[in-house]
Amino acid sequence: MDRLKELELFVRVVETGSLSKAALALDLSNAAASRHLASLEARLAVRLVERNTRRLYPTGEGQAFFNRARAILNDLADAESEVNSATLDPSGTLRISASLSFAMQLIAPRIGDYTQRYPKVKVHIEASNRYLDLIDNGIDVAVRTREMEPDSNITIRRLATTRRILVASPKYLARVGTPQDPSDLSAHQLLVYLHANNPNELRFTQGDASVVVPAPGLLESNDGQILRAAALEGTGILVQPTYIVFEDIVAGRLVPILDDWDLPRLHINLAYPSRKHLSAKVRSFIDFMVEEFERYDYERKWTGQQGF
């Protein structure tokens, strides 16, 4: 049996709590994965994992061995990464996680430029409006809109800050009228993104003044593009981060509302598993996205008032 493969499998089993997930991550059959784990336990003459009805978990000896095995694998990955980075030749599959809106508007249009610069990298985008566990899902880098990660093993690199704003189509405003004050929203139809913090209320600030207004949705969805499409058709007032609707505002398809009031802002970060030395493919993508955001001056565009 391959001792390195045994270590890789065992570490994946402990990290995911599942033999089948570990096998999938290493492109092994369940039977082969089971043989690797059994071989490792037989060679060490100790039981490394226990099973219950839901998941696998390490024994006391298994946890101690896991800590050493993971460190060994990380050191090996670091050594390979240093060589790879030194050659400036990123390769392999880069797995990216982002919301559908961010992936559509800010990643997918840039993949051609990125892969032209790094032709040995193949890109996989996992579009999800929920935060996926990076380890369990084999994600190399994720785009997230929160200030910090609850897992200390995750590193974040800030891309930009964006306002959240209210917009509606000219057709809707011509039919219903334009709110002049947050209290006016009670007479309007709202399009509400369900994954926002407290989606059914809006916390406005203006200087020292603040007000909280209810935000019941005529239409609620877990995806911003569904709500954007409804707003463009004149269904109601949309509440979204500026980056999702910026081009629509520039084109006049959507009109900012109550733009002199602020909603809580979002911090757009790249999140990735902590490692002293990043792989060349991950480092290249992070540097590429930071460069693109600086080149297009997105933070200035997204944090300013949108009433051009």
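Residues numbered from 1 in each chain as written. Predicted model: local features only at pLDDT ≥ 70, side-chain atom pairs only at ≥ 80, totals over all residues. Heavy atoms only, no water.

**Q** Let's hear about the overall build of the protein chain: which residues, and what values?
**A** Helices and strands together make up the secondary structure of the protein chain, namely 10 helices and 14 strands. Seen along its three principal axes, the alpha-carbon backbone of the protein chain occupies a region of about 75 × 45 × 35 Å. Classification of the 308 residues of the protein chain by burial places 42% in the buried group. Contacts spanning at least 24 positions in sequence make up 74% of the contacts within the protein chain whose residues lie at least 6 apart. (Helix = DSSP H or I, 4+ residues; strand = E, 2+ residues; numbered from the N terminus. Buried < 20%, exposed > 50% of the residue type's maximum accessible area, 1.4 Å probe, protein only. Contact = heavy atoms within 4.5 Å.)

**Q** Go over the sheet that holds strand β4 (residues 121–127), please, and point to the residues and values.
**A** Taken in spatial order, the five strands make up an open sheet running β4-β3-β5-β14-β6, and their pairing is mixed. Edge positions in the open sheet fall to β4 and β6 (154–162), since each of these has one partner strand only. On average, each strand axis in the sheet is tilted by 20° relative to the strand beside it, whichever way the strands run. Two strands pair when backbone bridges link them, and strand β3 (residues 92–98) and strand β5 (residues 141–144) are joined in this way by two bridges, in the parallel orientation. When the sheet's bridge partners are listed, S97 is paired in β5 with A142. The sheet strands contacting helix α9 (residues 280–295) are β3, β4, β5, β6 and β14 (266–273), and the helix crosses β6 at an angle near 15°. (Pairing = 2+ DSSP bridges. Axes fitted to C-alpha atoms, helices over the stretch in contact; angles between N-to-C directions.)

**Q** Please give an account of the packing of aromatic side chains that cites residues and values.
**A** All told, the structure shown has 12 aromatic pairs when counted by the stated rule. On the numbers, 5.7 Å between centres and 90° between planes, the contact of Y114 with F285 is edge-to-face. With a gap of 171 residues between them, Y114 in helix α5 (residues 100–117) and F285 in helix α9 connect regions that are remote in the sequence. Owing to a relative accessible area of 0%, Y114 belongs among the buried residues under this scheme. Judged by centre distance (5.6 Å) and plane angle (15°), the ring pair of Y296 and Y298 falls under stacked. (Phe/Tyr/Trp six-rings, centres within 6.5 Å; stacked < 30°, edge-to-face > 60°.)

**Q** Lay out the pairing of strand β7 (residues 164–168) in plain terms, naming residues and giving numbers.
**A** In terms of residue burial, β7 counts as a mostly covered element, since five of its five residues are buried. Side chains R164, L166 and A168 of β7 all project onto a buried face; the interleaved residues I165 and V167 project onto the opposite face, where all are buried too. With four bridges connecting them, β7 and strand β12 (residues 237–241) associate as antiparallel partners. Each residue of the ladder has a partner; that of V167, found in β12, is L238. Across three bridges, β7 lies against strand β13 (residues 255–257) in antiparallel orientation. Each bridged residue has a counterpart across the sheet, and for A168 the counterpart in β13 is V255.

**Q** Give a detailed account of helix α8 (residues 242–251), specifying residues and quantitative values.
**A** Along α8, seven of the 10 residues are buried, which leaves the element largely enclosed by surrounding structure. Within α8 the residues assigned to the buried category are T242, Y243, I244, V245, F246, D248 and I249. Downstream of α8 by a residue or two, G252 has a phi angle that is positive, lying close to 85°.

**Q** Got a sec to walk through the environment of P179? Specific residues and values, please.
**A** Within the secondary structure, P179 is located in the loop between α6 (170–176) and β8 (190–193). For P179 and I257, which are 78 residues apart along the polypeptide, the C-alpha to C-alpha distance reads 7.0 Å.

**Q** Before we move on, could you go through the nonpolar core and cite the residues and values that matter?
**A** Residues F102, M289, F293 and W302 are the most contacted members of the largest nonpolar core, which totals 42 residues. The biggest single contributor to this core is α9, with seven residues. Judged by nonpolar contacts, the second largest core, of 19 residues, contains V11, V14, A23 and L73. (Core = buried A, V, L, I, M, F, W, Y, C linked by side-chain atoms within 4.5 Å.)

**Q** Got a sec to walk through the sheet that holds β12? Specific residues and values, please.
**A** Judged by pairing direction, the sheet is mixed, and its five strands sit side by side in the order β11-β8-β12-β7-β13 without closing on themselves. Among the strands making up the open sheet, the edge pair consists of β11 (217–221) and β13. On average, each strand axis in the sheet is inclined to that of its neighbour by 35°, with strand direction left out of account. This element, helix α7 (residues 224–232), spans β8, β11 and β12 of the sheet and lies at about 170° to β8.

**Q** Go over the side chain of R110, please, and point to the residues and values.
**A** When you line up the elements, R110 lands in helix α5. The buried category is assigned to R110, whose relative accessible area is 7%. The contacts of R110, once residues within four sequence positions are left out, are Q105, F288, M289, E292, Y296 and Y298.

**Q** Please provide a residue-by-residue account of the side chain of S169, values included.
**A** Among the structural elements, S169 can be located in the loop between β7 and α6. Within the local environment of S169, its side chain forms a polar contact with the backbone nitrogen of Y172, the two atoms lying 3.1 Å apart. (Polar contact = N/O pair within 3.5 Å; in protein donor to acceptor, adjacent residues only side chain to side chain.)

**Q** Could you give an account of the pattern of salt bridges, with specific residues and numbers?
**A** Going through the model one piece at a time under the given rule, you end up with 16 salt bridges. Of the charged contacts, one joins R47 and E50 as a salt bridge, the two residues approaching to 3.3 Å between their closest N and O atoms. Taking the relative accessible area as the measure of exposure, E50 reaches 29% and is therefore partly exposed. E291 is paired through a salt bridge with R117; the nearest N and O atoms lie 3.3 Å apart. In this pair, E291 is assigned in helix α9 and R117 in helix α5, connecting sequence segments 174 residues apart. With relative accessibility at 35%, the residue E291 sits in the partly exposed group. Salt bridges sharing common partners tie together R163, D259, D262 and R265. (Salt bridge = Lys/Arg side-chain N within 4 Å of Asp/Glu carboxyl O.)

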